[in-house]
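For reference, the chains in residue letters:
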Amino acid sequence: MKKKVGLALGAGSVKGFAHIGVLEVLDEAGIQVDMISGSSMGAIIGGFYSVGTDLSMLEKFIKSIKLYEYLDVKMPLTGGLLKGERLEELIRVFTHNKTFAETKTPFCCVVVDAETSKLDVLEEGPLHESIRASMSMPGFFEPVKLNGKTYIDGGVLERVPCKTLRDHGMDVVIGVDVGYHGDIKDVSDFGAYSMLNHTISIMQWELTKYRREEADLMLVPEVLFVNGRFQTDQASVTIEEGRRVAREALPAIRKLLES
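Note that the structure is a prediction, hence the values are computed from the model and not measured.

Reading guide: rules and limits
Residues numbered from 1 in each chain as written. Predicted model: local features only at pLDDT ≥ 70, side-chain atom pairs only at ≥ 80, totals over all residues. Heavy atoms only, no water. Helix = DSSP H or I, 4+ residues; strand = E, 2+ residues; numbered from the N terminus. Buried < 20%, exposed > 50% of the residue type's maximum accessible area, 1.4 Å probe, protein only. Pairing = 2+ DSSP bridges. Salt bridge = Lys/Arg side-chain N within 4 Å of Asp/Glu carboxyl O.

Student: Sorry if this is basic, but what is going on with the environment of Arg254 here?
Tutor: By the element assignment, Arg254 lies in helix 8 (residues 235-258). Arg254 sits in the partly exposed class, given a relative accessible area of 36%. Linking Arg254 and Arg159, residues 95 residues apart in sequence, is a C-alpha distance of 25 Å.

Student: Can you help me understand the pairing of strand 5 (residues 118-122) in this one?
Tutor: Put simply, side chains in a regular strand alternate between the two faces of the sheet. Pairing of strand 4 (residues 107-113) with strand 5 involves five bridges; the strand directions are antiparallel. Within the sheet, the bridge partner assigned to Val111 lies in strand 5 and is Asp120. Counting the residues in the hairpin turn of strand 4 and strand 5 gives four residues, including Ser117, whose phi is positive at 65°.

Student: Looking at this model, I keep getting lost on the pattern of salt bridges. Mind explaining?
Tutor: Between side chains of opposite charge, a pair can form when the charged atoms approach closely. Inspection of the entire model under this criterion finds 13 salt bridges. Residue Arg243 pairs with Glu59 through a salt bridge whose shortest N-O separation is 2.7 Å. Of this pair, Arg243 sits in helix 8 while Glu59 sits in helix 3 (residues 55-64); the two residues are 184 residues apart in sequence, bridging distant segments of the chain. Overall, the relative accessible area of 13% leaves Arg243 in the buried class. Across the pair Asp120 and Lys149 runs a salt bridge, and its minimum N-O distance is 3.0 Å. Here the residue Asp120 occupies a position in strand 5, and Lys149 occupies one in strand 8 (residues 149-153), the gap between them amounting to 29 residues.

Student: Would you take a moment to explain unusual backbone geometry for this structure?
Tutor: A negative phi holds for most residues other than glycine; trans holds for most peptide bonds. One non-glycine residue, Ser13, adopts positive backbone phi at about 55°. Residue placement: Ser13 occurs in the loop between strand 1 (5-9) and helix 1 (18-28). Phi angles above zero are rare outside glycine, and Ser40 is one such case at about 60°. Residue Ser40 is classed as buried on the basis of its relative accessible area, which comes to 5%.

Okay, here's the thing in structure tokens:
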């Protein structure tokens with residue numbers, strides 16, 4: 001019997017462009033992904049892929065845009081600096097205004113209910129609404145009110161959503177983690193903003209390192225050289241790093257599928 005393969009794409013802002021490279025290599029190798037889960041940027045890329053978006057076209061588009069042009073400052077500044085409406089419209093276009101039920105590859109994304117502090121898995125309704133909720137980085141994007149709840153970024157609790165794939169019956173779960181993973185970092189010249197971001201990364205890592213056990217295989221693209229959350233000038237090398245780790249992992253993936 002063929003094993004069902006689940007791919008969990010992690011949060012990490014523009015570092016998550018590495019997910020494109022991973023997906024390209026899996027496609028080229030003929031490894032069928034039976035379900036994708038995503039958190040934050042992982043939800044964006046996973047959602048695009050789930051409806052059959054051409055990855056080479058997506059790569060060209062990302063290299064050509066300036067994400068800052070899609071950021072809409074919210075006034076008054078309550079809940080978040082950005083409304084996120086322009087990015088949500090971009091997501092709607094790339095997901096062809098489809099719902100979860102209309103995807104070619106089953107897909108779900110994770111969010112955090114800000115009121116109950118619990119993780120929710122979204123898998124019904126329009127894709128762009130749920131993906132927008134999953135990317136609601138606290139302080140940056142206004143939280144999303146959906147299904148009577150107030151949602152923030154899934155990466156707050158579940159940077160790489162592997163468990164949800166296991167819960168959906170996937171036999172082999174592959175995770176892709178593009179976030180900070182405990183490396184020594186020179187913080188001598190950090191300003192307040194950089195130190196805040198690094199502090200959040202440390203807390204996320206403490207959660208993530210124990211949850212990695214949910215994956216049969218965790219791919220870790222080395223993309224911590226990427227600065228900022230919205231720059232696209234390093235997209236090419238980030239995507240290529242995704243390709244590199246995926247190529248190196250192909251023997252291990254095939255072994256999991258055959259064992």
